[in-house]
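So you can see what is in the structure, the chains are spelled out below.
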Amino acid sequence: MTFAPRRLSKSKYLSGLQCHKRLYLEMHQPALATPPDASTQAILDMGTEIGVLAQQRFRGGVLVKSGFRQREAAIAETAALLQDPMIPAIFEGAFEYDGVLVRVDILERMQNGEEGSPSWRLIEVKSSTRVKDVHLDDLSIQSHVVLGTGLRLDATCLMHIDTGYLYRGEEVDLQALFSIEDVSEAVADRRGRVPERLAAMKVLLLESQAPMIEPDQHCRTPYECPFWAHCTKDKPQRWIYHLPGKKEIVSQLVRQGIVTIDDIPDDTRLSDVQRKVKDNVEWVSGRLATELRTVTFPVHHLDFETFNPAVPRYPGTRPYQAIPIQWSNHIEDRDGNIIHHEFLHGDMSDPRRSLVEALLESLGEAGSICVYSPYEKSVIEQLAETLPEFRSDLRNLVKRIWDLHPIVKGHYYHPEFQGSFSLKEVLPALAPLLRYDDLTIREGGQAAAEYYRMVFVESDWVEQAGIREALLRYCERDTLAMVELRRVLGEKADRHI
């Protein structure tokens, strides 16, 4: 059985460059893909928002209104706009050539050439902060198609966010927010390989089954492949690619015929963490108890949540600058009594001053501040620079920080960690009743996206209240987790003595 030829798109072309199997499955068996998680979807949504905002920089530009599934209508609409010399730019123009349909973010009309034929500047909009290889491949297939339809391109460009832009309030300066880089030369080099690559993809898609390609490092570069779960479903539980650390070591072991972590020869040079994963046993350091006793009561367990909007919202901030909007603090006294304080900013105003005022009151002047990464320290240090009137008090907080993460990493290991010491992996192994899968919000990227939606998008107060409650419960779980981890680790350390 063979399949009839299928029309490609620029996204499918990029999938084919990453992996022919991914392309085949996207075209013929898309239901096998894992849907994007909340964080990935938030990134996609942000990209869409940035694309719409970028159009505002080109005054008088016209959007092709026909949808992405309305192929013929979109092509006809684009053709009509191309003929109107009064239109300075076309957004989402549709072009088809060589069996590929593309929608171009921005096609800017340049000067007229011989016999009045116009030339154009093709501009791809990205929410990233720099030009990446995948962007050049994206532009190579777009320009291949557009040039194939007979248009003349003066330049091929990437328009991306400029993190050097400092927002001063009022209107966002779109000229400063976006940087446009002419990448015509680099794109031309790649465009020369497009016909050959397309031909190979078209032949592949006529096959009756997907190509046999083993999962490897390419599955995560340049993007996470949505078919990872499908392609790895039959792999053993201790598959060699689950070994953490540098994947070059994994590749070397694979070339030696190693299939599982248990097959790794004992004399193989591994990192400390990799050795623990191979040994696959619980390990307790003789110094764990000593390290845990270095805290000073009352112990504050602190976690921040931040959001980093691509388009700055507060004067004096830059694109993607992390803005703290929430914290949770579980406070444990020497007798084991625990109280909980929390803060979540709920409106469009700059949250930082009110957040700091509440934070200083909650943390007081005594006791260790338990965290589970260097992130809380960096947030406090950034706040100290932003709000000089609180600088001394905030710097005093930094002196009290007690990081639980290096203590766990250096003095305890459980096989269920699978080489990861992130809180999301450590917590289920040591405190299974405090997992995250019962929460609406389960990780930081999702929390940031939901906060943005609650404050800047959602107008229904019931929906806002639901998001607020979900944010509070998520942040609370992180700090309660540290309380429980200290308790469980203390018990294990005492038994080990």
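Being a predicted model, the structure only gives us computed values, none of them experimental.

Okay, the packing of aromatic side chains next. This structure, assessed with the given rule, holds 12 aromatic pairs. Seen from their ring centres, W228 and W239 are 5.8 Å apart, and the 40° between their planes marks the pair as tilted. Of this pair, W228 sits in helix 9 (residues 228-231) while W239 sits in the loop between helix 9 and helix 10 (247-255); the two residues are 11 residues apart in sequence, bridging distant segments of the chain. Among the aromatic residues, ring-to-ring pairing joins F307, Y314, Y451, Y452 and F456 into one connected group. The side chain of R103 reaches across the aromatic face of F68, ending 4.6 Å from its centre. Sitting over the ring of W283, K276 keeps its end group 4.4 Å from the ring centre.

The mixed open sheet is built from five strands, whose spatial order is 11-10-9-12-13. Looking at strand neighbours, the two that pair on one side only are strand 11 (338-344) and strand 13 (401-403), the edges of this open sheet. The average angle at which neighbouring strand axes cross in this sheet is 25°, direction not considered. Where strand 9 (residues 299-307) meets strand 10 (residues 323-332), nine bridges bridge the pair, whose relative direction is antiparallel. In the sheet register, V299 faces strand 10, and the bridge partner there is E332. Each of strand 9, strand 10 and strand 11 is contacted by helix 18 (residues 444-457), which is oriented at about 65° to strand 9, the strand it contacts most.

Here the second largest pocket defines a volume of roughly 370 Å³. Taken together, 17 residues make up the lining of the second largest pocket; nearest its centre are D303, E305, S373, E376 and D478. Secondary-structure elements contributing two or more residues to the lining of the second largest pocket are strand 9, helix 14 (375-386), helix 17 (423-430) and helix 19 (461-496). If you tally residues by element for the lining of the second largest pocket, the top one is strand 9, at five residues. Grouping the amino acids of the lining of the second largest pocket by side-chain chemistry returns seven nonpolar, five polar and five charged.

To continue, consider the state of the cysteines. Applying the stated rule across the entire model yields zero disulfides. Of the cysteine sulfurs around C225, a residue in no disulfide, the closest is that of C219, at 6.0 Å. No disulfide involves C231; its sulfur sits 6.0 Å from that of C225, the nearest cysteine.

Take the environment of K10 next. Positionally, K10 belongs in helix 1 (residues 10-18). Exposure remark for K10: the relative accessible area of 16% places this residue in the buried category. Once the C-alpha coordinates of K10 and S140 are considered, the two residues, 130 residues apart in sequence, prove to be 9.3 Å apart. When neighbours within four sequence positions are excluded, K10 is seen to be in contact with L101, V102, R103, D105, E124, D138, I141 and Q142.

Across all of its chains, the model carries one cavity of 30 Å³ or more by this definition. Together, 13 residues line the largest cavity, and C19, K21, C219, C225 and C231 are the ones closest to its centre. In terms of residues, the lining of the largest cavity owes the most to one element, helix 2 (residues 20-28), which gives three residues.

Applying the stated criterion to the full structure yields 36 salt bridges. For D138, the salt bridge identified is with K126, shortest N-O distance 3.2 Å. Taken as a pair, D138 in helix 5 (residues 133-148) and K126 in the loop between strand 5 (118-125) and helix 5 lie far apart in primary sequence, 12 residues in all. D138 sits in the buried class, given a relative accessible area of 3%. Where salt bridges share partners, they join R7, R71, E72 and E96 into one cluster.

Glancing now at helix 8 (residues 194-205). Taking 1.5 Å per residue, 12 residues should reach 16 Å; helix 8 reaches 16 Å between its end C-alpha atoms and fits that length. V194, L198, M201, L204 and L205 are the residues of helix 8 that are buried. All buried residues of helix 8 project into a common sector of 120° when viewed along the axis, lining one side. Exposed and oriented more than 90 degrees from the buried face of helix 8 are E196 and V203.

What counts, and where the lines are drawn
Residues numbered from 1 in each chain as written. Predicted model: local features only at pLDDT ≥ 70, side-chain atom pairs only at ≥ 80, totals over all residues. Heavy atoms only, no water. Phe/Tyr/Trp six-rings, centres within 6.5 Å; stacked < 30°, edge-to-face > 60°. Helix = DSSP H or I, 4+ residues; strand = E, 2+ residues; numbered from the N terminus. Lys NZ or Arg CZ within 6 Å of the ring centre and 35° of its normal. Pairing = 2+ DSSP bridges. Axes fitted to C-alpha atoms, helices over the stretch in contact; angles between N-to-C directions. Contact = heavy atoms within 4.5 Å. 1 Å grid on protein atoms, 1.4 Å probe; cavity = no way out; pocket = protein on both sides within 12 Å on 5 of 7 lines; lining within 4 Å. Points joined across faces, edges and corners; volume = space filled by probe spheres on them. Nonpolar A, V, L, I, M, F, W, Y, C, P; charged D, E, K, R; others polar. Disulfide = S-S within 2.5 Å. Buried < 20%, exposed > 50% of the residue type's maximum accessible area, 1.4 Å probe, protein only. Salt bridge = Lys/Arg side-chain N within 4 Å of Asp/Glu carboxyl O. Expected span 1.5 Å × (residues − 1). Arc of directions from axis to C-beta.

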